[in-house]
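# Working through the structure, step by step
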Amino acid sequence: PKDKLSELIKSTYDNLERSGNASVDQLLKSLLEQLNSHSSLYKYIVSISTLETGSETIDSENCTMSNAIGASWNSRKDGLFNYDLPDNEHRGVKHLVTVIWVAK
């Protein structure tokens with residue numbers, strides 16, 4: 001469910017940030033490990049798009065972020081979810097996390 005994926009992404013990022021290891025690579029690795037341990041019925045793909053600006057805040061006036069992913073699959077078994085990760089401490093950086101699952 002989307003709410004569980006949102007919570008997984010947010011809590012994983014928060015835990016990595018508390019430990020001082022909130023890099024994109026660590027976030028990818030940790031999310032994939034947790035998704036794989038959750039279910040062996042799917043193969044998972046995680047993509048993180050990062051937007052950086054020179055200013056302290058990200059708003060519609062000084063930046064644009066877009067991300068498009070498409071796939072051909074069985075919509076009853078496979079899926080895609082996008083999550084805009086709020087970044088409280090590092091102003092000027094925004095992450096869009098995409099999780100794709102494909103039935104084996």
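So, here's what we can say about the structure.

How each quantity is defined
Residues numbered from 1 in each chain as written. Predicted model: local features only at pLDDT ≥ 70, side-chain atom pairs only at ≥ 80, totals over all residues. Heavy atoms only, no water. Pairing = 2+ DSSP bridges. Helix = DSSP H or I, 4+ residues; strand = E, 2+ residues; numbered from the N terminus. Axes fitted to C-alpha atoms, helices over the stretch in contact; angles between N-to-C directions. Buried < 20%, exposed > 50% of the residue type's maximum accessible area, 1.4 Å probe, protein only. 1 Å grid on protein atoms, 1.4 Å probe; cavity = no way out; pocket = protein on both sides within 12 Å on 5 of 7 lines; lining within 4 Å. Points joined across faces, edges and corners; volume = space filled by probe spheres on them. Nonpolar A, V, L, I, M, F, W, Y, C, P; charged D, E, K, R; others polar.

## Side note on the sheet that holds strand β3 (residues 93-103)
Reading across from one edge, β1-β3-β2 is the order of the three strands in this open sheet, with antiparallel pairing throughout. A strand with exactly one partner marks an edge of an open sheet, and here the two such strands are β1 (42-52) and β2 (79-85). If you compare each strand with its neighbour and ignore which way they point, the axes differ by 15 degrees on average. In the sheet, β2 pairs with β3 via seven bridges, with the strands oriented antiparallel. Looking across to β3, one finds that L85 is bridged to H95.

## A look at the environment of S75
Looking at the element boundaries, S75 is found in the loop between β1 and β2. On the basis of relative accessibility, which here comes to 62%, the residue S75 falls in the exposed class. Once the C-alpha coordinates of S75 and V102 are considered, the two residues, 27 residues apart in sequence, prove to be 9.5 Å apart.

## Some points on the layout of surface pockets
Considered as a void within the structure, the largest pocket measures approximately 370 Å³ in volume. The wall of the largest pocket is formed by 13 residues, among which P1, K4, L5, L35 and H38 lie closest to the centre. Of all the elements in the fold, those that place two or more residues in the lining of the largest pocket are α1 (2-18), α2 (24-38), β1 and β3. Of the residues forming the lining of the largest pocket, the biggest block, four residues, is contributed by α1. The class makeup of the residues in the lining of the largest pocket is nine nonpolar, two polar and two charged.

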